[in-house]
Structure formats: C-alpha cells, structure tokens
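# Residue-level structure breakdown
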Amino acid sequence: MRRAEQGNETAVVEFIILGFQSIPEVQFILFLLFLVTYITTVSGNLLIMMLVVTDHHLHNPMFFFLGNLSFLETCYTSTILPRMLASFLTNKYVISLSGCFLQYFFFTGLAGAECCLLTVMSYDRYIAICKPLHYTAIMNGRCCLQLAGGSWANGLLASAIVTSLMQQLTFCGPNEIDHFFCDFMPVVKLSCSDTHWIELVTFILASLLTLPPFLLTLISYVYISNTVLRIPSSTGRHKAFSTCSSHLTVVTLFYGTLIVVYLVPKPNTLGDLSKVFSVCYTVLTPLVNPVIYSLRNNNIKKALR
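Residues numbered from 1 in each chain as written. Predicted model: local features only at pLDDT ≥ 70, side-chain atom pairs only at ≥ 80, totals over all residues. Heavy atoms only, no water.

Under the convention used in this document: UniProt positions are given in the numbering used here, feature names are shortened, and annotations may be inferred rather than shown by experiment.
Under an unreviewed UniProt entry, the protein chain has the name Olfactory receptor and belongs to Pygoscelis papua. Its UniProt record gives the protein chain the following Subcellular location (unreviewed entry) comment, quoted word for word: "Cell membrane". Quoted straight from UniProt, the Sequence similarities (unreviewed entry) entry for the protein chain says "Belongs to the G-protein coupled receptor 1 family."

### A look at the confidence of the model for the protein chain
Let me state the cut-off plainly: Looking at any residue, its pLDDT shows the predictor's confidence there, from 0 to 100. Pairs of residues are marked as contacts when any of their non-hydrogen atoms sit within 4.5 Å.
When pLDDT is averaged across the protein chain, the result is 84; 90% of the residues are at 70 or more. Within the model, the stretch residues 1-8 combines pLDDT values under 50 with 24 contacts to residues more than four positions away or in other chains.

### Quick word on the packing of helix 1 (residues 27-54) against helix 2 (residues 61-78)
The condition that has to hold: Lines fitted to the C-alpha atoms define the axes, with helices restricted to the stretch that makes contact. Angles between their N-to-C directions range from 0 to 180 degrees. Note on conventions: DSSP H or I runs of at least 4 residues are helices, E runs of at least 2 residues are strands, and numbering of each starts at the N terminus. Each angle receives one of four descriptions, namely roughly parallel if under 35 degrees, roughly antiparallel if over 145, roughly perpendicular if within 65 to 115, and oblique otherwise. Working rule for handedness: look at the near helix, and if it is turned counterclockwise from the far one by less than a right angle, call the crossing left-handed; if clockwise, right-handed. Here the term charged refers only to Asp, Glu, Lys and Arg, the term nonpolar to Ala, Val, Leu, Ile, Met, Phe, Trp, Tyr, Cys and Pro, and the term polar to all other amino acids, Gly among them.
Across the interface, helix 1 lies against helix 2 with an axial gap of 9 Å and an inter-helix angle of 155 degrees. One element, helix 1, and the other, helix 2, form an angle in the roughly antiparallel class. Where helix 1 crosses over helix 2, the two elements pack in a sense that is left-handed. Where helix 1 approaches helix 2, its residues Y38, T41, V42, N45, I48, M49 and V52 are matched on the opposing element by F63, F64, L66, G67, S70, F71, E73, T74, T77 and S78. Taken together, the residues that form the contact of helix 1 with helix 2 break down as 9 nonpolar, 7 polar and 1 charged.

### Some points on the pattern of salt bridges
Under the convention used in this document: When a carboxyl oxygen of Asp or Glu is within 4 Å of a side-chain nitrogen of Lys or Arg, the pair counts as a salt bridge. Burial here depends on accessible area, computed with a 1.4 Å probe over protein chains only, as a share of the maximum for the residue type. Under 20% is buried, over 50% is exposed, and the range in between is partly exposed.
Under the criterion given, the structure shown has 1 salt bridge. Put simply, D124 and R125 hold a salt bridge, and the shortest N to O gap is 2.9 Å. By the burial criterion, D124 is buried, and R125 matches it.

### So, the packing of aromatic side chains
The description of two aromatic rings rests on the distance between their centres and on the angle between their planes. What counts is decided by this rule: Here a pair means two rings of Phe, Tyr or Trp (six-membered ring of Trp) with centres within 6.5 Å. Their orientation is stacked below 30 degrees between planes, edge-to-face above 60, and tilted elsewhere.
Under the definition given, this model contains 14 aromatic pairs. Summarising the aromatic geometry, the rings of F15 and F171 are spaced 5.2 Å apart at their centres and angled 90 degrees between planes, so their arrangement reads as edge-to-face. Linking F15 in strand 3 (residues 14-17) with F171 in the loop between helix 6 (141-166) and strand 5 (176-177), this pair joins segments that are 156 residues apart in sequence. Using a relative accessible area of 2% as the deciding quantity, one classes F171 as buried. With a centroid separation of 6.3 Å and an interplanar angle of 45 degrees, the aromatic rings of F101 and F171 are classed as tilted. Of this pair, F101 sits in helix 4 (residues 97-130) while F171 sits in the loop between helix 6 and strand 5, and the two are 70 residues apart along the sequence.

### Some words on unusual backbone geometry
Unusually for a residue other than glycine, N91 sits at a positive phi of about 60 degrees. Following the sequence through the fold, N91 ends up in the loop between helix 3 (81-90) and strand 4 (94-96).

### Details of the UniProt feature "transmembrane region" (unreviewed entry) in the protein chain
As annotated by UniProt and renumbered to match this structure, "transmembrane region" (unreviewed entry) occupies residues 28-51, 63-81, 101-123, 144-166, 200-224, 245-264 and 276-295. End-to-end, the C-alpha atoms of residues 28-51 are 35 Å apart, and along that stretch the chain is 100% helix and 0% strand. Across residues 200-224, helical content stands at 100% and strand content at 0%; the span's end C-alpha atoms are separated by 36 Å.

### Brief notes about the state of the cysteines
Short version of the rule: Pairs of cysteine sulfur atoms within 2.5 Å are what we label disulfides.
If you walk through the whole model with that rule in mind, you get 2 disulfides. The disulfide partner of C100 is C182, and the S-S distance across this bridge is 2.1 Å. The chirality of the disulfide connecting C100 with C182 is left-handed, given an S-S dihedral of about -125 degrees. With a gap of 82 residues between them, C100 in helix 4 and C182 in the loop between strand 5 and helix 7 (184-188) connect regions that are remote in the sequence.

Structure, rendered in structure tokens:
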C-alpha cells in the first residue's frame, strides 16, 4: 500500500524516486558508471584510512583529519549509491517515508560535518605554516579529537533538527520525487502542509553550517598565502604551499559544486541537468578526494610505496 487513511486525508506512506527514468536508453551505462565509481571511491578512501592508521609517519594531526575525511566520504557516498544501484537492477524505485528521512538525515549530516571538517583542516594548515613553533602545543591529541568530534556533532545535530521537522509534515500526494535521492526541496515540495517554517529553519541552519566555515577557510588561506609569500627562498615557498595544496583543491571542488547545485538558478526545463550537477556534488567529489591526496601529497605517495 502506498497510501494510508489519516483522518479525512489520504496520507502517503512511501515515495517513488524517479531518478534517471526519463532517460531509459542509458540506464545500463549509468549502472556500470555508478558501480565503478562507488567501488573506486570506497576502495580509495579505505586505502587512505588504512595508511593513516598503519604508517607511523602519518601519525600527525593533518593525516588524522584526512583519515576522518576519508571515513566521512565513505559513509557519505554509501547513503546514496547502493540504493540507486539496487534500483537500476530491480527496477524498483520505491522508498518508505522512514527510509527517505533516514537517507536525508545521514546525507545532510555528513555534508554538514564535511563543511566543518574542511575548515578544521584549513585551521590545522594555518597553525602549521603561520605559527610553526606553537603547532605541537596547540594541535595536541585532545584538541584534534575535540575538533573532529565537534565537526561530526555539528553536522549530525543540524540534520537531526531538520529531519525531525520533516517528519511532522503531512504528505497526501503526489508521491514522486523528481531526483535520485531524498534531498530537501524535492521532498518538501510534495508536502500538503505549510512548509514556510521548516524552509526558514533549514535555511538558517544551512547558512550556519556553510557560510562561517567557508569564510574561516578563506581567512585561513589568506593568512597562509601572506606567510608563504614572505618566505625568501622559492624552495621554501613551494614546500610550504605543497602541504596545503591538496586540501585547497578539495575545498574548491566541494564548495564549487555546492554553489552550482544549490545557489545557481536552473530552469525547470533543465531537470536532468540539475541531477547531473547533483551527481558531481554527491558522487564525484568523494571519488576525486582520495585521488587528489594520493597524487599531490608526498607523504601519502611515500606510504603507498
């Protein structure tokens, strides 16, 4: 049963995720593409986590946060891709309300945690380059655990608040989500309840989780750039900047795709194009992160050897 009686209304108890059904001629190609992407993403991030744990040369704050990021990316992509792959195989695109809310909770919570964690990593690079004599004292084990734990807690707490508000909404039809996962707007626009308050709360929480971390990251790199440019030798400048170039690339990709997906206006006629942009944000970013760190970080390359 897709609907249940609730008072005088017919309440939706499950959704149909349309995904990429509008382009059936490429379903098999998409399945293979997403399968290879998922396997590569999980394998790459698990490899980095294993290196961080087993190689004593990587037992420092920078790689502790990198290990956290790799674990986060593994969980992040696993909230979406396995279910999407199963839908390609079985042609069943139904998801229960509780399953949809659970997927949204983990997806949003992990995305918020990544915003905070990337900021923490930029702060780590700021201390290492701008205040090297105080680095060991400031970035001690307790501080690293608090920063990493705070990043996870902030993202999951904000997501829990929004998800609990979404569960209070009534859905009385239609029940087709024009997306490939349970994102906020595609779900909320199906509700027959007043959604102004939840949209306002979500906007405030999303702004708090993205704007301050982005500005703090930007400020960190302004100070880092000023410090690096004052280093007299070109070799010293290159060495200093190489320690944060990988992180800067990841930050650019993450916030760049985030802006394209949620801030750049897209006409309704470009629904499939919007999904493609979302794929870049939810699928490709976790894929390229381990590639960037393994190719551009000398310590990771040494550990791989």
